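Breakdown of the fold
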Amino acid sequence: MNAVWGGAMKMSAAAIVVAACTALPAVAQPDPSDWAAVLQEARGQTVYWHAWGGDPRINDFILWVADEALSRHGVSLTQVKLASTADAVARVVSEKQAGQDQGGAVDLIWINGENFAAMKGKGLLFGPFAEQLPNWPLVDVAGKPATRMDFTEPTLGLESPWAMAQLVFEYDSARVPAPPLGAGQLLDWAKANPGRFTYPRPPDYLGTTFLKQVLYGVIDDPDLLLQPVDPATYDRLTAPLWAWLEEITPALWRQGQAYPANEPALGQLLADGEIDIAFAFNTGRASAAIAAGELPQTIRTNTWTGGTIGNASFVAIPYNAAHAAGALVVANLLLDPRVQARAQDPDVLGFQTVLNLSALSGQDRARFDALDLGIATLAPHDLGPALPEPHASWMTRISQDWIRRYGVAQ
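What counts as what
- Residues numbered from 1 in each chain as written.
- Predicted model: local features only at pLDDT ≥ 70, side-chain atom pairs only at ≥ 80, totals over all residues.
- Heavy atoms only, no water.
- Axes fitted to C-alpha atoms, helices over the stretch in contact; angles between N-to-C directions.
- Helix = DSSP H or I, 4+ residues; strand = E, 2+ residues; numbered from the N terminus.
- Parallel < 35°, antiparallel > 145°, perpendicular 65-115°, else oblique.
- Left-handed = near helix turned anticlockwise from the far one by under 90°.
- Contact = heavy atoms within 4.5 Å.
- Nonpolar A, V, L, I, M, F, W, Y, C, P; charged D, E, K, R; others polar.
- Salt bridge = Lys/Arg side-chain N within 4 Å of Asp/Glu carboxyl O.
- Buried < 20%, exposed > 50% of the residue type's maximum accessible area, 1.4 Å probe, protein only.
- Domains from an automatic or database assignment.
- Buried area = accessible area lost by both parts, 1.4 Å probe.
- Pairing = 2+ DSSP bridges.
- 1 Å grid on protein atoms, 1.4 Å probe; cavity = no way out; pocket = protein on both sides within 12 Å on 5 of 7 lines; lining within 4 Å.
- Points joined across faces, edges and corners; volume = space filled by probe spheres on them.
- Core = buried A, V, L, I, M, F, W, Y, C linked by side-chain atoms within 4.5 Å.
- Arc of directions from axis to C-beta.
- Polar contact = N/O pair within 3.5 Å; in protein donor to acceptor, adjacent residues only side chain to side chain.

All right, on to the packing of helix 9 (residues 234-248) against helix 15 (residues 392-406) then. A packed helix pair is summarised by two numbers, namely the angle formed by the two axes and the spacing between the axes. For the pair helix 9 and helix 15, interaxial distance at closest approach is 12 Å and the crossing angle is 50°. Relative to helix 15, helix 9 is oriented oblique. Here the hand of the crossing between helix 9 and helix 15 comes out right-handed. Each of Y234, D235, L237, T238, L241, W242, L245 and E246 in helix 9 lies in contact with helix 15, whose residues at this interface are W394, R397, I398, D401, W402, R405 and Y406. Here the contact of helix 9 with helix 15 is built from residues that sort into 9 nonpolar, 1 polar and 5 charged.

See the structure below:
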């Protein structure tokens, strides 16, 4: 997700998928309940994992997973680096329209949000498979309900979680001793410190998530965000968001005449000292960047009073994947405690695990207990509530409206 979560979800594929037919022919595919047969079929396959390629750390982690898949199961894993998940969705849709119901180019997709809802709605996904994976019993479905719910959309086993995320704000404690704890406080701080805050420009996923976070703070009834956008009430409900933006925009970095493209670009502004407050969906990103010498030691993180948006990252398998058995093996491998612990290591990624630590063996639990989460990483009990992602239609509509109001040529 990652965002980091942004690249996985930053553009909607709903419009692309509309033209796809829902009636799909029966295609012989592996049965995840017969895991021995899955492993046998997967050996020797090359899995093409279409995943956001905008973060070198994630790319390196996928390379490490590829080594594990090959050594453990004889499965080769190749990352197809995406700028937008919608590109992979469009490939599946075009194959469906061309009648290519077998041998598709996309084996595995890092996906969630509107892209998942669109593919699910049009029957373009293999499965259900997730809850039949051997490692599924280790997933913390009770403590982390987002592992079964994607932007209010039940996953129904059509995608498997592999990382948890929650929005955290990163700030330079040397310059911001008391960071803002909500939308109102951030507005006041930005006006008092012009040019020292900004956000990625929509339709970037992280930038639009920030707008949704602000909307959570200014809307009268946040529960309405869990329902699809109602055109009859949308303007009234979002009016406080646009009023907030009207006030803060002149105080943004470069007076709101330019915006960073994505999370890495936003983080670079913080690293360069051009801004004092940034944010990320990876709670351990700041610690990882400090450990790598990319951020100063004074960077810390916080969340807002009342909570910040949280979600899970998933992998899904297209209905016509050429190497579905290998994709199942990779999806299961991503839930392996050793793999999950490596992803949570701030020196690697700093992602939150999807696993229930109390369900692990003593040896596997020790992997997590031994982790130093890092100087800037909040302990799980200090993160505060994880607010549910609004319905995917809010991201699409808010992004479109922001572009209409504030879009600039860059």
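There's plenty left to go through after this.
On inspection of all chains with the given rule, the structure shows 16 salt bridges. Note that R367 and D364 form a salt bridge whose closest N and O atoms lie 3.2 Å from each other. Taken as a pair, R367 and D364 lie in helix 14 (residues 362-369) at a separation of 3 residues, close to a single helical turn. Assessed through its relative accessible area of 32%, R367 is described here as partly exposed. Each member of the salt-bridge network shares a partner with another, and the members are E68, R72, D336 and R338.

According to the domain assignment, the chain consists of domain 1 (29-164 + 311-375) and domain 2 (168-310 + 386-407). When each unit is reduced to the centre of its C-alpha atoms, the spacing between domain 1 and domain 2 is 28 Å. Listed per partner, the contact involves 17 residues of domain 1 and 26 residues of domain 2. Roughly 1,600 Å² of surface becomes buried between domain 1 and domain 2 when both sides are summed, with 53% attributable to carbon and sulfur atoms.

The next subject is the pairing of strand 8 (residues 277-280). A two-sided burial pattern is seen for strand 8, the buried positions comprising I277 and F279 on one face and A278 and A280 on the other. Examined bridge by bridge, strand 7 (residues 168-172) and strand 8 share 4 bridges and lie antiparallel to one another. Following the sheet pairing, Y171 is matched in strand 8 by I277.

Over the atoms a probe the size of a water molecule is rolled, and this reveals where empty space is left. Approximately 790 Å³ is the volume found for the largest pocket. Lining of the largest pocket is provided by 40 residues; of these, K144, M164, Q166, Q352 and A386 occupy positions nearest its centre. Those elements that provide at least two residues to the lining of the largest pocket are strand 4 (149-150), strand 6 (159-166), strand 10 (308-316), helix 14 and strand 11 (386-388). Here the element with the most residues in the lining of the largest pocket is strand 10; it accounts for 4 residues. Across the lining of the largest pocket, the residue classes break down as 22 nonpolar, 13 polar and 5 charged.

With 58 residues, the main nonpolar core has F197, Y199, F210 and L245 as its most contacted residues. Those elements that provide at least two residues to this core are strand 7, helix 7 (183-192), helix 8 (205-218), helix 9, helix 10 (263-271), strand 8, helix 11 (285-291) and helix 15. Ignoring sequence-local partners within four residues, the contact set of F197 consists of L186, W189, F210, I248, L252, W253, I275, I277 and F279. Residues A51, L334, A343 and L355 belong to the second largest nonpolar core, which totals 55 residues.

Considered for burial, the residues of helix 10 that qualify are E263, L266, G267, L269 and L270. Buried residues in helix 10, looked at end-on, bunch into an arc of 150°, giving them a common side. Its buried side turned inward, helix 10 meets strand 7, helix 8, strand 8, helix 11 and strand 9 (299-302). Measuring from the side-chain oxygen of the N-cap residue of helix 10 to the backbone nitrogen of A265 gives 3.0 Å; that N-cap residue is N262. Of the residues trailing helix 10, G273 is marked for its positive phi of about 75°.

As a further point, take the environment of G310. By the element assignment, G310 lies in strand 10. We classify G310 as buried; its relative accessible area is 11%. Residues in contact with G310, not counting those within four places in the same chain, are A165, Q166, F281, A386, L387 and E389.

Take the sheet that holds strand 9 next. The strand order 8-7-9 describes an open sheet built from 3 strands, whose pairing is antiparallel. Edge positions in the sheet fall to strand 8 and strand 9, since each has one partner strand and no second. For this sheet, the mean angle separating the axes of adjacent strands, direction not counted, is 30°. With 4 bridges joining them, strand 7 and strand 9 adopt antiparallel strand pairing. Along strand 9, the bridge assignment pairs D172 with I299.

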